[in-house]
Amino acid sequence: MKIEAVTVCLHYDDFLEQTIRVNQSLFDDWVVVTEQADEKTRNVCNRYGVRLAFCPYFQRGEKFAKAHAINIGLAHLKFEDWALHLDADTALPRNTRKHLANVELDPSCIYGIDRVDCKGPEAWRTYLTDPDLYEKHYFYHGPKGWPTGSRVGHFDYGGYAPIGFFQLWNRASGILRYPSVHGWDAEHTDMLHALQWPRPKRVLIPEIIAVHLSTGGTDWGVNWHGRKSPRFDQPAADDGHHHHPPHPPCPPHPRPHPPHPEPYKS
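Read on for an overview of the structure. (Residues numbered from 1 in each chain as written. Predicted model: local features only at pLDDT ≥ 70, side-chain atom pairs only at ≥ 80, totals over all residues. Heavy atoms only, no water.)

It is worth spelling out the side chain of Gln167 at this point. Considering the arrangement of structural elements, one finds Gln167 in strand E9 (residues 166-170). Gln167 gets classed as buried once you look at its relative accessible area, which sits at 0%. A polar atom in the side chain of Gln167 sits 2.5 Å from the side chain of Tyr178. Apart from residues lying up to four places away in sequence, Gln167 is in contact with Ala83, Leu84, His85, Ile110, Tyr111, Pro162, Tyr178, Asp190, His193 and Ala194. (Helix = DSSP H or I, 4+ residues; strand = E, 2+ residues; numbered from the N terminus. Buried < 20%, exposed > 50% of the residue type's maximum accessible area, 1.4 Å probe, protein only. Polar contact = N/O pair within 3.5 Å; in protein donor to acceptor, adjacent residues only side chain to side chain. Contact = heavy atoms within 4.5 Å.)

Looking now at empty space enclosed by the protein. Over the atoms a probe the size of a water molecule is rolled, and this reveals where empty space is left. Using the criterion set out here, one finds three cavities of 30 Å³ or more in the structure. When its volume is computed, the largest cavity comes out at roughly 80 Å³. If you trace the largest cavity, you find 15 residues lining it, with Ile113, Ser150, Arg151, Ile163 and Phe165 closest to the centre. Of the residues belonging to the lining of the largest cavity, the class tally is nine nonpolar, three polar and three charged. Considered as a void within the structure, the second largest cavity measures approximately 40 Å³ in volume. Among the secondary structure elements, those contributing two or more residues to the lining of the second largest cavity are helix H5 (96-103) and E9. Looking at which element gives the most residues to the lining of the second largest cavity, the answer is H5, with three residues. Grouping the amino acids of the lining of the second largest cavity by side-chain chemistry returns eight nonpolar, one polar and one charged. (1 Å grid on protein atoms, 1.4 Å probe; cavity = no way out; pocket = protein on both sides within 12 Å on 5 of 7 lines; lining within 4 Å. Points joined across faces, edges and corners; volume = space filled by probe spheres on them. Nonpolar A, V, L, I, M, F, W, Y, C, P; charged D, E, K, R; others polar.)

One non-glycine residue, His11, lies in positive phi territory at about 60°. Structurally, the position occupied by His11 is in the loop between strand E1 (3-8) and helix H1 (13-23). We classify His11 as partly exposed; its relative accessible area is 37%. Its identity is not glycine, yet Glu104 carries a phi of approximately 55°, on the positive side. Taking the relative accessible area as the measure of exposure, Glu104 reaches 66% and is therefore exposed.

Moving on, we get to the pairing of strand E2 (residues 29-34). Within E2, six of the six residues are buried, which leaves it mostly tucked inside the rest of the structure. Here E2 shows no split at all, with Asp29, Val31 and Val33 on one side and Trp30, Val32 and Thr34 on the other all buried. Here E1 runs beside E2; their pairing, made up of five bridges, is parallel. Within the sheet, the bridge partner assigned to Val6 lies in E2 and is Val31. Taken together, E1, H1 and E2 constitute a β-α-β crossover, and its handedness is right-handed. Note that E2 and strand E3 (residues 51-54) share four bridges and pair parallel. In the strand pairing of E3, Val32 is matched with Leu52. Of the crossover connections in this fold, the one passing from E2 over helix H2 (residues 39-48) to the parallel E3 is right-handed. (Pairing = 2+ DSSP bridges. Right-handed = clockwise from strand over helix to strand, strands pointing away.)

Okay, structure coming up:
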């Protein structure tokens, strides 16, 4: 199978810097959509060799038109097999491709997964450097005992629908674009996309549990209208742990005076 991914990253470079290292090897191609002025996101993509596309709607000062940006990213793919829309703050497990091969994906379906919340850079470092065997003995649950996030559904449309942080679908479905509504931001359009498939074709993959990087805030949808949360390289605001203040840096050793004037000084 071939997987081509699209990620919208507008001033989310601090999250992308972390997730790009984990996700890049899982995809056959990856396009990150941002604006020309977002130099930090451009630098992250250039360092890792991930393709960039630019969304003109961001430059016009309009709302965070995420669906328009996703369509620009999709237009830059060959779209030969599977397309994945993945959020910039979402990290997939290392064995994602193995699980997808085992699932024997149906090209007529759209697939979603669950995720857990990783609050702050310290928890993220622990996840990377001290992994727990959370799939041991055939029981699937998120790492570190982090609670699984809510699944979303709509009673009037049959129930469960994969939401925008991970949506995987095939070109054989005939759905090659994201639904875009003028003036809308990052809210709702992912549900409209999932609801293009009837309920029997909206499928949860329980074996794959993503890690959602957050800064510890509690405001639901705080970034739906554009980036407002603190940067991820700042300490988590609410991770349930007590942190000791960092030790003050050691003073530098005094440098002895040279016996003669240094040659690069006048």
